[in-house]
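# Descriptive structure summary
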Amino acid sequence: MGTMGEVWTNTGSALASLVFIYTIFERFFPYSLREHFEPLAQRLVGLIYPYIQIKFHEYSGERFKRSDVYDYDAIQNYLSKDSSSRAKKLKANTVKGNKSIVLSMDDHEEITDEFEGVKVWWQSKKHQSESRAFSFYPKADESRFYMLKFPRRDRQVITERYLDHVMSEGKTIEVKNRERKLYSNNPSQNWSGYKQTKWSHVTFEHPATFDTLAMEYKKKEEIKNDLIKFSNSKDYYKKIGKAWKRGYLLYGPPGTGKSTMIAAMANFLEYDVYDLELTTVKDNTELRRLLIETSGKSIIVIEDIDCSLDLTGQRKQKKEEEEEDEDETSPIEKQMKKDQGENKGSKVTLSGLLNFIDGLWSACGGERIIVFTTNFIDKLDPALIRKGRMDKHIEMSYCGFEAFQVLAENYLDAKEEDDNELFDEIKRLLEVEEIKMTPADVGENLLKKSEVETKEICLERLIEALKEEKEEAKRRIEDEEKKKKEEEETKRKKREEKKIKKEENGIAMKEI
Ligand SMILES: Nc1ncnc2c1ncn2[C@@H]1O[C@H](COP(=O)(O)OP(=O)(O)OP(=O)(O)O)[C@@H](O)[C@H]1O
Ligand SMILES: [Mg+2]
């Protein structure tokens, strides 16, 4: 068998002959007879040249608009997968949004691929325009394209399945290579005009992973499995008629790793993160418009959902409290409360938020995860967190011994077998004494403060801090009880005063 170069040359001359024959045919054959001969001619062509060629241009009709029906970049990524081992000449290029350099085959290089037993040939080509006119656009006269050649008899396999396979594989590679982004929503006054964007973004580079996350091993594995199952279940979700979305509610005290967990999830799944600040969203319509602009393979996050909105029925309660102890609040506290109220210009309502989530569940394609975080799960409306909206509730809690072990290994390379006594003491304090310390505080104590600090010093510091925390907790409980008693006492006094006043007023009225 000749080389591929020879095959292309032969193909070229065969094509030239065909064009010649076809021109003669068009000129001299009566029109009425042509339609009878055309199928025959097609078959003849098929016999002489049993291949089909398809071109995939880098740019579609419009100048500098990338072709996106069959995405050139996706083909490039697909072919880069193993072209580096097969093509002789490679070129390095950065594809828009990719974090690493992509090696692809150089111009006029050719590689073969096989799909369902069909062999196909890909060539990277460059078309140079004849025009020598001056152009403002660098290399505007140069257009690149990929040429796919395959046997005519396998047309169906290629057009119906192979091309889809190339696109989806290419896009998967693109997602893996791309730089991930952290989006935050812009206030709506910035939505109009030049450069109108609803979301601004920076590169997402948070280093948290499930390995660095301090949590019980079993719980962590469960979450990881849940995420893996979700991201692989496109067909399953389709089969059961559910949109490919999942909601997580992370709840727990401050500093227990809720935000860190979101970063770990995003890094684990390689998703983008949309951090939605609800207080700057004016109303429900704006909320929906923001949603429409999010892309697939993303995590939409609403942090501190209980503080973002009055979704909790707290307001009424708060007002009552305010009225009761109006005199006791300091001017600063009053001002803070007032400011908070003013900043809460958002008119997003609970039902708006529910629609946002449900709309999200049904309207948009592509996998999405929505995560709410809160410090107070009890304050949230049950409708907001029911299964189906927030499918998985994850409690982020105070540091247990297993979580401590993760931190000790990450921060100090300290393991139980090496530092047995110190670990035992910490275990006793956490499990027997049940001292509550957040992973954030444990981490802070374990952090080496200078080069000379050994891991033993850090572990001992943590033991001291835990003991102090125990004392502190005791004091807090005592103070709280004292405060409670005092409050009850003042309330009782107030009630008595009111009662006396009423009685006095009653007597006065009677006298009148
Ligand atoms: N479970 C954890 N594993 C590892 N690091 C943690 C964990 N929890 C807290 N940290 C550390 O403490 C810091 C604060 O944690 P994070 O911001 O995730 O807490 P949070 O639960 O989101 O708090 P808040 O409710 O105040 O938003 C992080 O920078 C992280 O380094
Ligand atoms: Mg947080």
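So, here's what we can say about the structure. It should be emphasised that the depicted structure is a prediction, and the values quoted were computed from it without experimental measurement.

## As for the overall build of the protein chain
Summing up its helical and strand segments, the protein chain has 17 helices and 13 strands in all. By residue count, 37% of the 512 residues in the protein chain fall in the buried class. Summarising the internal contacts of the protein chain: among those between residues at least 6 apart in sequence, 69% fall at separations of at least 24. Approximately 32,200 Å² of the protein chain is accessible, and the part contributed by carbon and sulfur atoms is 51%.

## A few points about the side chain of Thr373
Structurally, Thr373 can be placed in strand E12 (residues 368-374). In this structure Thr373 touches Leu250, Lys258, Ile262, Ile302, Glu303, Asp304, Ile305 and Asp306, once residues within four positions along its chain are discounted.

## Details of helix H15 (residues 420-432)
The end-to-end C-alpha separation of H15 is 17 Å, in line with the 18 Å expected for 13 residues at 1.5 Å each. Within H15, burial applies to Leu422, Phe423, Glu425, Ile426, Leu429 and Leu430. Seen along its axis, H15 keeps its buried residues to an arc of 160°; they face one direction. Exposed residues lying more than 90 degrees from the buried face of H15 are Glu421 and Val432. Where H15 is buried, its residues contact helix H14 (401-412) and helix H17 (455-511). In the stretch just after H15, Glu434 is the one whose phi turns positive, near 55°.

## Some words on the pattern of salt bridges
Following the criterion strictly, the structure yields 18 salt bridges and no others. Ionic pairing is found between Arg161 and Glu116, a salt bridge with its closest N-O pair at 2.8 Å. With Arg161 in helix H4 (residues 155-177) and Glu116 in the loop between strand E4 (110-115) and strand E5 (118-128), this residue pair connects regions lying 45 residues apart in the sequence. With relative accessibility at 38%, the residue Arg161 sits in the partly exposed group. The salt bridge involving Arg428 is made with Glu433; its shortest N-O contact spans 2.8 Å.

## Regarding the site of ligand 1
Around ligand 1, the surrounding shell holds 14 residues, and the nearest of these are Ala214, Gly255, Lys258, Ser259 and Thr260. Contact between ligand 1 and Thr256: an oxygen atom at 3.3 Å from a main-chain N or O atom of the residue. Within the side chain of Lys258, a nitrogen or oxygen atom sits 2.8 Å from an oxygen atom of ligand 1. With the chains in place, 71% of the 630 Å² that ligand 1 exposes on its own is no longer accessible.

Calculation criteria
- Sequence positions are assigned chain by chain, starting from 1 and proceeding in written order.
- Each chain gets a letter, beginning with A, and each ligand a number, beginning with 1, in the order they are written.
- Confidence filtering applies because this is a predicted model: local features only for residues at pLDDT of at least 70, side-chain atom pairs given and counted only at 80 or more, and all residues used for totals across whole chains, interfaces and linings.
- Each side-chain value is worked out from all heavy atoms of the structure, with water and hydrogens disregarded.
- Each helix corresponds to a stretch of at least 4 residues labelled H or I by DSSP, and each strand to a stretch of at least 2 residues labelled E; elements are numbered beginning at the N terminus.
- The cut-offs for exposure are 20% and 50% of the maximum accessible area for each residue type, with area from a 1.4 Å probe on protein chains only; residues under the lower value are buried, those over the upper are exposed, and the others partly exposed.
- Note on definitions: a residue-residue contact is assigned when non-hydrogen atoms from the two residues lie within 4.5 Å.
- The Shrake-Rupley method, run with a 1.4 Å probe sphere, supplies the accessible areas, and residue values consider only the shown protein chains as cover.
- The span one expects for a helix is its residue count, reduced by one, times 1.5 Å.
- The reported arc concerns the directions from the helix axis to the C-beta atoms and nothing else.
- Basic side-chain nitrogens of Lys or Arg form a salt bridge, by our definition, when they fall within 4 Å of a carboxyl oxygen of Asp or Glu.
- Any residue with at least one heavy atom within 4 Å of a molecule or strand is counted as near it.
- Counting of polar contacts relies on pairs of N or O atoms within 3.5 Å, with two restrictions inside protein: one atom must be capable of donating a hydrogen and the other of accepting it, and residues adjacent in sequence are counted only when both atoms are side-chain atoms.

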